[in-house]
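Commentary on secondary and tertiary structure
One letter stands for each residue in the lines below.
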Amino acid sequence: MKILVTGGAGYVGSHAVLALRARGADVVVLDNLRQGHAAAVPAGVRLIEGDIGDAALLDPLLGEGFDAVLHFAALSLVGESMQKPMLYLRANAAAGMVLIEACLRHQVGRFVLSSTANLFAGGDAPLDEAAAIDPGSPYGESKWMLERALTWAGRTRGLKSVALRYFNAAGADPDGRLGEDHDPETHLIPLAIDAALGRRPELAIFGTDYPTPDGTCIRDYVHVSDLAEAHVRALERLAAAPEGAALAYNLGTGHGHSVRAVLAAVGRVAGRAVPAQEAPRRAGDPAILVASAARFMAETGWAPRFGDLDTIVATAHAWRVAHPGGYGG
Ligand code: UFG
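All residue numbers refer to positions counted from 1 along the written sequence of the respective chain. At least 70 in pLDDT is required for a residue's local features to be given in this predicted model, at least 80 for side-chain atom pairs to be given and counted, and no such filter applies to totals for whole chains, interfaces and linings, which use all residues. Excluded from the side-chain calculations are hydrogens and water; all other atoms, namely the structure's heavy atoms, are used.

Details of the domain arrangement of the chain
Threshold: Here the bounds of each domain stem from an automatic or database domain assignment. Here, residues are in contact when the closest pair of their heavy atoms is within 4.5 Å. Values labelled buried area give the accessible surface lost by two parts on being combined, using a 1.4 Å probe and summing over both. In the sections that follow, a salt bridge refers to a side-chain nitrogen of Lys or Arg positioned within 4 Å of a carboxyl oxygen of Asp or Glu. Note on conventions: DSSP H or I runs of at least 4 residues are helices, E runs of at least 2 residues are strands, and numbering of each starts at the N terminus.
For the chain, the assigned domains read domain 1 (2-170 + 220-251) and domain 2 (188-219 + 254-322). For domain 1 and domain 2, the distance between their C-alpha centroids amounts to 24 Å. The interface of domain 1 with domain 2 comprises 30 residues on the first partner and 27 residues on the second. Roughly 2500 Å² of surface becomes buried between domain 1 and domain 2 when both sides are summed, with 63% attributable to carbon and sulfur atoms. Of all residues in domain 1, D220, Y221 and D226 bury the most surface against domain 2, accounting for 29% of the area lost on that side. Across the pair R295 and E129 runs a salt bridge whose closest N-O atoms are separated by 3.9 Å. Of all the secondary structure elements, the ones that give two or more residues to the side of domain 1 that touches domain 2 are β7 (168-170), β10 (221-223), α7 (224-239) and β11 (246-251). In terms of residue count, the dominant contributor to the side of domain 1 that touches domain 2 is α7 (seven residues).

Dropping the structure here:
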């Protein structure tokens, strides 16, 4: 199988490239390297530096003939999207539609979209695919627009697609080949690890008055290598799906952890407590976001291998200790 991975130099995309290569796929990465890292692309994988919205680049590339496109490339900060809504709608939704159109022009049969839990407003029970869509930000909206575009590309032109709605991607390759390196880093686990390692000042706990047992937000942290494996399963699922199928699945472990529980796990793994201070709520954070991945598990046989929070944190910690400067260091 020949597969184009957009955003394959980024966090989740690079882990998916490893999973695809392990299955013997011929992988090409398209990444503009604004957030991705060339060093995250394994030797032997062709890396093309460019944008998903560049039709002049996509036409000759997709003209080589690809069986599938895995589309990770995106701006992905919920908070930033509230400040720059049109940037997010343009960079993710409009440019993503240029990519989908190019896939239709070049008879790409299967398309897998990185979607998000930010489609949902949150809720006390694990969210399944029947949960109401209510994007919490222009970021979430941009992914929803792409899900809708894929539905229409299926209905009118037969493209088969899967949207995988990740909850909180976390952790690092258990073999230490890849990790999480964002600039700026905004995610809880890498920030907490750096605070424990003394590389950052204390961690701010955003909100301690949520309606949860300890007052802090609850999230479903799913290991990035489990997400990578989910993409392989999604491709297999599409192979058996009828022409034009546009599927969507929620992906998480089904277990939520509060911010305080994450800090405790980081403390256990790092062997020192995370210095932390209570801070006001961060705008736009739902109290609880936990996935029910029951449908995906039933239809593909997928199950998280690294679902335990301490395991997730331990893999992230090992990578950050080994790579103090990230990919650049
Ligand atoms: N948090 C803190 N302090 C910090 C950073 C985060 O208390 O310094 C809290 C947040 O308020 C939140 C939790 O830790 O309650 C997790 O925050 P992250 O920033 O790590 O992750 P988010 O849940 O905000 O967002 C992630 C992805 C988004 C995706 C979303 C879907 O980054 O791209 O999950 O739920 F849309």
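Having seen the model, we can carry on.
So, the pairing of strand β8 (residues 203-206)
Rules: Relative accessible area decides the class of each residue, using a 1.4 Å probe on protein chains only: under 20% of the type maximum gives buried, over 50% gives exposed, and in between gives partly exposed. DSSP calls a pair of strands paired once it identifies at least 2 bridges connecting them.
Of the two faces of β8, only one is covered, namely that formed by L203 and I205; the face formed by A204 and F206 stays uncovered. The pairing of β8 with strand β13 (residues 276-279) spans four bridges and is parallel. For I205, the partnering residue across the bridge sits in β13 and is E278.

Considerations on the site of the ligand
Formally: It suffices for a single heavy atom of a residue to lie within 4 Å of a molecule or strand for the residue to be listed as near it. N or O atoms within 3.5 Å of each other form a polar contact, as long as, within protein, one can give a hydrogen and the other can take it, and as long as residues adjacent in sequence are counted only when both atoms are side-chain atoms.
As a matter of local geometry, the ligand sits amid 22 residues, with T116, H187, A204, R282 and D285 nearest to it. In the environment of the ligand, an oxygen atom lies 2.9 Å from a nitrogen or oxygen atom belonging to the backbone of L188. Only α6 (188-196) and β8 provide two or more residues apiece to the shell around the ligand. Looking at which element gives the most residues to the shell around the ligand, the answer is β8, with four residues. When residues of the shell around the ligand are assigned to domains, at least three fall in each of domain 1 (2-170 + 220-251) and domain 2 (188-219 + 254-322).

Focus: unusual backbone geometry
Cis peptide bonds are those with omega within 30 degrees of zero, and the linkage from D183 to P184 qualifies with 0°. One non-glycine residue, L33, lies in positive phi territory at about 60°. Within the fold, L33 resides in the loop between β2 (26-31) and β3 (46-49). According to the relative accessible area criterion, L33 is partly exposed, its value standing at 23%. Although it is not a glycine, Q107 sits at a positive phi angle of roughly 55°. You can call Q107 exposed: its relative accessible area is 63%.

Description of empty space enclosed by the protein
Rules: Residues are said to line a cavity or pocket when one of their atoms sits within 4 Å of a point; the points come from a 1 Å grid over protein atoms alone, cavities being sets where a 1.4 Å probe fits but cannot get out and pockets being open sets with protein on both sides within 12 Å along at least five of seven lines. Grid points are joined across faces, edges and corners, and a volume is the space filled by probe spheres set on the points. Nonpolar residues are Ala, Val, Leu, Ile, Met, Phe, Trp, Tyr, Cys and Pro. Charged residues are Asp, Glu, Lys and Arg, and all others, Gly as well, are polar.
All told, the structure shown has one cavity of 30 Å³ or more when counted by the stated rule. If you add up the space inside the largest cavity, you get close to 40 Å³. Taken together, G171, A172, G179, E180, P190, A316, W319 and R320 make up the full set of residues lining the largest cavity. Along the lines of polarity and charge, the residues of the lining of the largest cavity split into four nonpolar, two polar and two charged.

A closer look at the nonpolar core
Put simply, the test is: To qualify as a nonpolar core, a set must consist of buried Ala, Val, Leu, Ile, Met, Phe, Trp, Tyr and Cys residues joined through side-chain atoms within 4.5 Å.
Judged by nonpolar contacts, the single largest core of 37 residues is most densely connected at L20 and L164. Where this core is concerned, the elements lending two or more residues are β1 (2-6), α1 (11-22), β2, β4 (68-71), β6 (160-166), α7 and β11. The element best represented in this core is α7, accounting for eight residues. Both domains that furnish three or more residues to this core are identified here as domain 1 (2-170 + 220-251) and domain 2 (188-219 + 254-322). The contact partners of L20, leaving out residues within four places of it in the chain, are I3, V5, A25, V27, L70, V232 and L235. By size, the runner-up hydrophobic cluster in this structure holds 29 residues, among which are I193, Y210, V266 and V313.

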